[in-house]
Amino acid sequence: MRKRKPKKRIIQPDPRFGDPMVTQFVNNVMLSGKKSTAYQVVYDSLDIVAEKSGEDPHEVFKKALQNITPNVEVRSKRIGGATFQIPSEIRPARRLSIGMKWLIKYSRARNGKGYSDKLSAEILAASKGEGAAVKKKEDTHKMAESNRAFAHFR
């Protein structure tokens, strides 16, 4: 058994919005340690969001994340030779990181020119409650709902 829980790392707020959540998002976007490039991509896409929506890009980004963070997920558990999908609540920190990872995954899968454009398009779609990341959340919730009968195995 582990002796103690690892220390929770404190994420520094980002320079433009002063929000640790944006820094966490940048860290998720970053590929092979290129943080300045990741910052550039995220800020460019937020500028595009501001241009297209005419609203505060930080608010649009937060709304988009709120729309794609799942509340429940299904976990596989093996019980007596059969594998059940058991729905379980997600703790807030994991909820946020799952939402960010989905946003990044589905914006990379989009078609468009340049990653900033793809990311801004996915952020705008998610803030309106549409797009692939929102669909993923709805599918996850549906999956949990249909497996509610197995919730007592938790």
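Basis of the calculations
- Residues numbered from 1 in each chain as written.
- Predicted model: local features only at pLDDT ≥ 70, side-chain atom pairs only at ≥ 80, totals over all residues.
- Heavy atoms only, no water.
- Phe/Tyr/Trp six-rings, centres within 6.5 Å; stacked < 30°, edge-to-face > 60°.
- Helix = DSSP H or I, 4+ residues; strand = E, 2+ residues; numbered from the N terminus.
- Buried < 20%, exposed > 50% of the residue type's maximum accessible area, 1.4 Å probe, protein only.
- Lys NZ or Arg CZ within 6 Å of the ring centre and 35° of its normal.

Asks: Please explain the packing of aromatic side chains as it appears in this structure.
Replies: Two descriptors summarise a pair of aromatic rings, namely the distance from one centre to the other and the angle between the planes of the rings. Per the counting criterion, the structure on display carries three aromatic pairs. Here the aromatic rings of F17 and Y43 are separated by 6.2 Å at their centres, their planes lie at 70 degrees, and the arrangement is edge-to-face. Of the two residues, F17 is situated in the segment before α1 (20–29) and Y43 in helix α2 (residues 35–53); the sequence distance between them amounts to 26 residues. Residue class for F17 comes out partly exposed when judged on its relative accessible area of 22%. With a centroid separation of 5.6 Å and 35 degrees between ring planes, the pair formed by Y39 and Y43 is classed as tilted. Of this pair, Y39 and Y43 both sit in helix α2, separated by four residues, roughly a single helical turn. There is no split in this pair, since Y39 and Y43 are both buried. Stacked on the ring of Y43, the Lys or Arg R16 has its end atom at 4.5 Å from the ring centre.

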